Amino acid sequence: MSSLSHIANDIPKGLISAEPAQGRKALGSTRAGTVPGVILVAMITAVAFSARNVSGFALFSPMILAVIAGMIYSNVLGTPAHAKAGIAFSQKRLLRFAIVLLGFQLTLGQVVSIGAGGIGIVAATLGATFLFTLALGRLIGVDAKLAQLIAAGTSICGASAIVATNIVTDARDEDVTYAVASITLFGTVAMLGFPLLAPLLGLDQHAFGLWAGASIHEVAQVIGAGFQNGTQSGEIATVAKLTRVAMLAPMVIALGLTVRRKGTSDQQAARPPMPLFVAAFVAVVALNSLVAISAGVKSAMAVATTIMLTMGLAAMGLQADISQLRSRGLRPLALAFSAFLFIGGFSLMLVKFA
């Protein structure tokens, strides 16, 4: 890992040494660009794939190993400042593009496979978790805006939901950072732990995929946990999770109306945009269902998707700063942990007994 740190720090210097006359200009453009961060993410991704050859690590997918490696790197060695733009690019744009490509592995028949019952489980879990988190936040004295961010991140789709919710809550920057850090932490715990619980809980691939998709925080974390338990499990988990993501817009609109009615914000409740990658994912699934695509092309798409998903998770690990969790005390952390336990337990109960 220390060698990766040296390489990452030397990336801009290596680039400018080839053209000394334009050194300063190249240095400025490189630091402002995405190249250094993407290279760092790619190196950690390579480490994750290579680690699977080590005895004991073959049980884990490269996606899970990548997020762990990224977290270790960022919290032990630190992330170079000039790499942050590329890391953010990998976590957001590259990851979402990979999720769109994942649609080539699904068909409309598989989407329908979660059924009306599955959609009901996802909706009920989302609503119950959101309300539980807000109520518990009031009970233990967590700031209302921070509680709303944690509630959105846990119940809907992690960091994306937190950022979208902050449009209407207008919380402090440190609250947003805290919420993202706590959601990333407990979502990662779920990603690593839930696959180990599947056999103990007697969940088949369909049931586990529905549970993972209805309860784990981030889209990428759901994919990492779902495919760790099998292909069918991963596909069901992806569909269930994207059903939650699709509920982001109405949830934020409802929260905005509530905030305006209470008079706690002077902002106009803007209509949040529906995530475009969700619409693109659906379009690709429809294309894959209607058009015959060769096995070779699908195989190449699957490899590219796995690599990009792993890079996205590596970037997520690089963004996780555990020290930020200490900045607001233990009550918000306890709230995030309680919400994590609630969404896991409530959704599991519905999957098992509904």
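Here the structure is a predicted model, which is why all the values come from computation and not from measurement.

### Description of the overall build of the protein chain
In step 1: Secondary structure assignment for the protein chain yields 17 helices and zero strands.
In step 2: Out of the 354 residues belonging to the protein chain, those deemed buried represent 49%.
In step 3: Of the contacts formed within the protein chain by residues at least 6 apart in sequence, a portion of 82% connects residues at least 24 apart.
In step 4: For the protein chain, the exposed surface amounts to about 15600 Å²; the carbon and sulfur share of it is 66%.

### Let's talk about the nonpolar core
In step 1: Judged by nonpolar contacts, the single largest core of 97 residues is most densely connected at Leu40, Ile99 and Ile156.
In step 2: The residues contacting Ile99, other than those within four sequence positions of it, are Val219, Ile223, Leu242, Phe277, Phe281 and Leu309.

### Describing the confidence of the model for the protein chain
In step 1: Looking at the protein chain, pLDDT values average 82 and 84% of them are 70 or higher.
In step 2: The model gives residues 11-21 a pLDDT under 50, and that stretch makes nine contacts with residues more than four places away or in other chains.
In step 3: Counting contacts from residues 264-273, a segment whose pLDDT is below 50, to residues more than four positions away or on other chains yields 16 contacts.

### Describing the packing of helix α12 (residues 219-228) against helix α13 (residues 231-246)
In step 1: Two numbers describe how α12 lies on α13: the axes approach to 7 Å, and their chain directions differ by 160°. When the interaxial angle is binned, α12 and α13 end up roughly antiparallel. Where α12 crosses over α13, the handedness of that crossing is right-handed. Here Val219, Val222, Ile223, Gly226 and Phe227 of α12 lie close against α13, whose contacting residues are Thr231, Ser233, Gly234, Glu235, Ala237, Thr238, Lys241 and Val245.

### Re the environment of Phe337
In step 1: Mapped onto the fold, Phe337 is located in helix α17 (residues 330-353).
In step 2: Overall, Phe337 belongs to the partly exposed group, its relative accessible area being 38%.
In step 3: The spatial distance from the C-alpha of Phe337 to the C-alpha of Phe186 is 6.9 Å, given a sequence separation of 151 residues.

### Side note on a nonpolar patch on the surface
In step 1: Together, Ile68, Ile72, Val76 and Leu77 make up an exposed nonpolar region whose accessible area comes to about 330 Å².
In step 2: Topologically, Ile72 is positioned in helix α4 (residues 62-77).
In step 3: Ile72 sits in the partly exposed class, given a relative accessible area of 44%.

### Topic: the environment of Phe60
In step 1: Within the fold, Phe60 resides in the loop between α3 (35-51) and α4.
In step 2: Along the chain, Phe60 and Gln228 lie 168 residues apart, while their C-alpha atoms are 6.9 Å from each other.

### Thoughts on the environment of Ala135
In step 1: Within the secondary structure, Ala135 sits in helix α7 (residues 115-140).
In step 2: Measuring from C-alpha to C-alpha, the distance between Ala135 and Ala147 comes to 9.0 Å, with twelve residues separating the pair along the chain.

### Focus on the packing of aromatic side chains
In step 1: Here the structure, examined in full by the defined rule, presents eight aromatic pairs.
In step 2: On the basis of an interplanar angle of 5° and a centroid distance of 4.3 Å, the ring pair of Phe132 and Phe342 is categorised as stacked. On the criterion of sequence distance, the pair formed by Phe132 in helix α7 and Phe342 in helix α17 is long-range, its members being 210 residues apart.
In step 3: For the pair Phe208 and Trp211, a centre-to-centre distance of 6.0 Å together with 75° between the ring planes defines the contact as edge-to-face. Taken together, the positions of Phe208 and Trp211, both in helix α11 (residues 205-215) and three residues apart, correspond to about one turn of that helix. One exposure class covers both Phe208 and Trp211, and it is buried.
In step 4: Taken together, the ring pairs in this structure connect Phe186, Phe194, Phe208, Trp211, Phe337 and Phe340 into an aromatic cluster.

The rules behind each value
The residue numbers shown here count from 1 along each chain, following its written sequence. Where totals are concerned, whole chains, interfaces and linings use all residues; where local detail is concerned, this predicted model gives features only for residues with pLDDT of at least 70, and gives and counts side-chain atom pairs only at 80 or more. For the side-chain quantities, the full set of heavy atoms in the structure was used; hydrogens and water were omitted. Each helix corresponds to a stretch of at least 4 residues labelled H or I by DSSP, and each strand to a stretch of at least 2 residues labelled E; elements are numbered beginning at the N terminus. Residue exposure (1.4 Å probe, protein chains only): buried if accessible area is under 20% of the type maximum, exposed if over 50%, otherwise partly exposed. Contact definition: two residues touch when any of their heavy atoms are within 4.5 Å. The protein chains shown are the only cover counted for residues, whose accessible areas, like all others here, come from Shrake-Rupley with a 1.4 Å probe. Remark: nonpolar core denotes a set of buried residues (Ala, Val, Leu, Ile, Met, Phe, Trp, Tyr, Cys) joined through side-chain atoms within 4.5 Å. Summary of the metric used: pLDDT quantifies the predictor's per-residue confidence within the range 0 to 100. Geometry is summarised by axes, namely lines fitted to C-alpha atoms with helices restricted to the contacting stretch, and by angles between N-to-C directions that run from 0 to 180 degrees. Orientation categories follow fixed angle ranges, with anything under 35 degrees roughly parallel, anything over 145 roughly antiparallel, 65 to 115 roughly perpendicular, and all other angles oblique. Crossing handedness: left-handed means the near helix sits turned counterclockwise from the far one by under a right angle, and right-handed means the same turn made clockwise. Two distance rules govern patches: like charges are joined within 9 Å, and nonpolar side chains (Val, Leu, Ile, Met, Phe, Trp, Tyr) within 5 Å, applied only to residues with over 30% relative accessible area and no salt bridge. A carboxyl oxygen of Asp or Glu within 4 Å of a side-chain nitrogen of Lys or Arg is what we treat as a salt bridge. We call Phe, Tyr and Trp rings a pair once their centres come within 6.5 Å, taking the six-membered ring for Trp, and we label the pair stacked below 30 degrees between planes, edge-to-face above 60, and tilted otherwise.

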